[in-house]
Amino acid sequence: MTNGGGADQWREEMRLAIDTRTHTTPQVAPIDALDGAAIRADFPVLNQEPRPGKRRLAFLDSAASSQKPRVVIDALTTYYAQHNANIHRGVYDLSEIATQRYEESRKAIARFINAGSARECVFVRNTTEAINLVANSWGRANIKAGDLIVFTTMEHHSNIVPWQLIAEERGARLGHVRVTPDGRLDLEHLAELLAEEPKLVAFTHVSNSLGTVNPVREMVSLAHAAGAVTVVDAAQSVPHMAVNVQDLDCDFLAFSGHKMLGPMGAGVLYGKKRLLDAMPPFLGGGSMIRKVTLDRTTWADVPAKFEAGTPAVADAIVLNVAADYLSTLGMDRVWRHERELVDYALDRIREVPGLVVIGPQDTHERSGVLSFAFDEIHPHDVAAIVNEDNVAVRAGHHCTQPLMAALGVPATTRASFYLYNDEEDVERLVESLHRVVEIFR
Ligand code: 7TS
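So, a few notes on the structure that sits alongside this text. (Residues numbered from 1 in each chain as written. Predicted model: local features only at pLDDT ≥ 70, side-chain atom pairs only at ≥ 80, totals over all residues. Heavy atoms only, no water.)

Brief notes about the overall build of the protein chain
Working step 1: Looking only at helices and strands, the protein chain has 15 helices and 15 strands in total.
Working step 2: In terms of C-alpha radius of gyration, the protein chain reaches 22 Å, essentially the compact-globule figure of 22 Å for 441 residues.
Working step 3: Reported as C-alpha extents along the three principal axes, the dimensions of the protein chain are approximately 70 × 65 × 40 Å.
Working step 4: Split into buried and exposed, the 441 residues of the protein chain put 56% on the buried side. (Helix = DSSP H or I, 4+ residues; strand = E, 2+ residues; numbered from the N terminus. Rg over C-alpha atoms; globule rule 2.2 N^0.38 Å. Buried < 20%, exposed > 50% of the residue type's maximum accessible area, 1.4 Å probe, protein only.)

Below, the structure written as structure tokens:
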């Protein structure tokens, strides 16, 4: 850390760096708009005949898990019907083809996030497992008693609990970056915590509860200047915007395939190769070894070192199909589509009497996640009533209990938009929310 001029100068440098930050929020480029209705036609779940008397499903819970396009569903069937075999072990054709496709998918996913090498992409089940891998492997090798681990008050529980577990085991300390009342990170508080030279800083790119888009590149650069390793939870960004890990310069980045049109069983941990190489394994067993004797074992190279046992082969292979579907449409167009929808939704939803939008009011700092609350109506009642109108939203704490506590709201109702949503979905939600207000009047 470069604090030769003392703590005050260091703090001042931090403040300047933060004040002059440029947000990493991708700018809306002059590109063709997506046609939500045309895209919806690719998603069988969204085109089912509604129950008698119901209108079509308005699916507004993609932040929990996205729907899957026909190409993804078909690719899964094709895999199991034509190519199914365990990988990295057979000499017969079927196994070699499955292995080749699995490794091709890894290369395609590396390109999708612009990783320098496919070896930097470890297939895991989901974001949760990716973060646990870092906490258990990197954490055990590097965190000592008294060390500081920093995460933010805005995190999903899966970017909180693994750090608590390793901190407890090691006797390390935890620091939590505060949030502002409108649900943004307090970057001055981050600067204060960085002045204590944490070992690791973990934070989300986009808040799953509020849609806040954090200035990742700048945060990574500040954390690096303080000598910390960075872990970015990209569960809510990789599916929705172009993410370039080399540009962000983060050390680790985690995301889930099921939130980006892919199957439920495969996610990715990106890690800089230098760090992955130096880390001990997380799980031990088959596939992750070089040589095993009864007394000791040597490890395979990365990423195999972190992929013990039979992976979710079909899911990992088909994740590439999902990424390809998104890339063909263009991530900048996907992002722009969601931004336009959420702008429209913010305008329309504010017409609902008594409704308060939780999170940044400035649409520039938002993704397609929209949380709101009523003073007198419980979010679960809101979700249950809009469900009667075949509008699917989520209600609750969204696995962000510390965030809810910090904002003083026990729970919210959350609508989250994706590429297959359109203005009609927004209208359906708003109409249904007016009905909620009528019922409780
Ligand atoms: N991090 C963020 C920011 C998330 O939104 C989620 C899931 C996770 C981590 C965990 O992902 P998983 O795939 O390992 O489960 N978020 C949500 C949600 O908002 N509603 O349901 C799951």
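Some details on the sheet that holds strand β12 (residues 369-374)
Working step 1: Across the sheet, which stays open at both edges, the 4 strands sit in the order β11-β12-β15-β14 with antiparallel pairing between neighbours. A single partner strand is all that each edge strand has here, and the edge strands are β11 (355-358) and β14 (394-396). Across the sheet, the mean angle separating the axes of adjacent strands is 30° when strand polarity is ignored.
Working step 2: One ladder, built from 4 bridges, connects β12 with strand β15 (residues 412-416); its direction is antiparallel. From the neighbouring strand, S371 faces β15, where its bridge partner is R414.
Working step 3: The strands that helix α12 (residues 331-349) touches are β11 and β12; relative to β12, the one it contacts most, it runs at about 15°.
Working step 4: Contacts from helix α13 (residues 379-388) reach β12, β14 and β15, with the element oriented near 160° to β14. (Pairing = 2+ DSSP bridges. Axes fitted to C-alpha atoms, helices over the stretch in contact; angles between N-to-C directions. Contact = heavy atoms within 4.5 Å.)

Structural notes on the site of the ligand
Working step 1: The environment of the ligand is made up of 17 residues, and the closest members are T128, D233, Q236, R394 and R414.
Working step 2: H258 is positioned with one of its side-chain polar atoms (N or O) 2.7 Å from an oxygen atom of the ligand.
Working step 3: In this structure, a nitrogen atom belonging to the ligand sits 2.4 Å away from a side-chain N or O atom of R394.
Working step 4: Here the ligand, which alone exposes 490 Å², has 89% of that area covered by the protein. (Near = heavy atom within 4 Å. Polar contact = N/O pair within 3.5 Å; in protein donor to acceptor, adjacent residues only side chain to side chain. Areas by Shrake-Rupley, 256 points an atom, 1.4 Å probe, with all protein chains shown as cover.)

Some remarks on the environment of G257
Working step 1: Note on placement: G257 falls in the loop between β7 (252-256) and β8 (267-271).
Working step 2: When the C-alpha atoms of G257 and G267 are compared, they prove to be 4.8 Å apart, with 10 residues separating the residues in sequence.
Working step 3: Setting aside chain neighbours within four positions, we find G257 in contact with G262, P263, A266, G267 and L319.

So, the packing of aromatic side chains
Working step 1: Evaluation of the coordinates by the stated rule reveals 5 aromatic pairs.
Working step 2: Aromatic pair Y79 and Y80: ring centres 5.2 Å apart, planes at 75°, arrangement edge-to-face.
Working step 3: For Y79, a relative accessible area of 3% puts it in the buried group.
Working step 4: With 5.6 Å between their ring centres and 70° between their planes, Y418 and Y420 make a pair best called edge-to-face. Accessibility classification places Y418 together with Y420 in one group, the buried group.
Working step 5: A connected cluster of aromatic rings, assembled from ring pairs, spans F43, Y325, Y418 and Y420. (Phe/Tyr/Trp six-rings, centres within 6.5 Å; stacked < 30°, edge-to-face > 60°.)

Quick word on the pattern of salt bridges
Working step 1: Overall, the coordinates contain 28 salt bridges when judged by the stated rule.
Working step 2: In this structure, E129 and R125 form a salt bridge, with 2.7 Å as the shortest nitrogen-oxygen distance.
Working step 3: The exposure class assigned to R125 is exposed, which follows from its relative accessible area of 51%.
Working step 4: Of the charged contacts in the structure, one is a salt bridge between D186 and R178, with a shortest N-O distance of 3.8 Å.
Working step 5: Accessibility expressed as a relative area gives 43% for R178, which makes it partly exposed.
Working step 6: Three or more residues are tied together by salt bridges with common partners; here these are R40, R56, D422, E424 and D425. (Salt bridge = Lys/Arg side-chain N within 4 Å of Asp/Glu carboxyl O.)

Notes on the sheet that holds strand β4 (residues 173-177)
Backbone hydrogen bonds are what pair the strands of a sheet, in a parallel or an antiparallel way.
Working step 1: With mixed pairing, the 7 strands of this open sheet are ordered in space as β2-β8-β7-β6-β5-β3-β4. This sheet does not close on itself; its edge strands, each paired only once, are β2 (121-124) and β4. Shown here is a sheet whose adjacent strand axes are inclined to one another by a mean of 20°, direction ignored.
Working step 2: Examined bridge by bridge, β2 and β8 share 4 bridges and lie antiparallel to one another.

So, the packing of α12 against helix α15 (residues 423-440)
To characterise two packed helices, one gives the angle between the axes of the helices and the distance between these axes.
Working step 1: Contact pair α12 / α15: the axes reach a minimum separation of 10 Å and the direction vectors enclose 20°. In terms of their interaxial angle, α12 and α15 are classed as roughly parallel. Crossing hand, α12 versus α15: right-handed. Facing α12, whose interface residues are L341, Y344, A345, R348 and I349, α15 presents E423, V426, E427, L429, V430 and L433.
Working step 2: In the contact of α12 with α15, the residues fall into 8 nonpolar, no polar and 3 charged. (Parallel < 35°, antiparallel > 145°, perpendicular 65-115°, else oblique. Left-handed = near helix turned anticlockwise from the far one by under 90°. Nonpolar A, V, L, I, M, F, W, Y, C, P; charged D, E, K, R; others polar.)

Overview of the side chain of S105
Working step 1: Structurally, S105 is set in helix α4 (residues 93-112).
Working step 2: By relative accessible area, S105 is classed as buried at 0%.
Working step 3: Discounting residues that sit within four places of it in the chain, S105 has contacts with F123, A316, I317 and N320.

A look at unusual backbone geometry
Working step 1: The linkage connecting V302 with the following residue, P303, adopts the cis geometry, with an omega of 5°.
Working step 2: Within the secondary structure layout, P303 lies in the loop between β10 (297-299) and α11 (313-329).
Working step 3: Phi at D249 takes a positive value of approximately 65°, unusual for a residue other than glycine.
Working step 4: By the secondary structure assignment, D249 is in the loop between α9 (245-248) and β7.
Working step 5: A relative accessible area of 34% means that D249 is categorised as partly exposed.
Working step 6: Phi is positive for S287, which is not a glycine, with a value near 75°.
Working step 7: If you trace the backbone, S287 turns up in the loop between α10 (273-278) and β9 (289-292).
Working step 8: Using a relative accessible area of 30% as the deciding quantity, one classes S287 as partly exposed.

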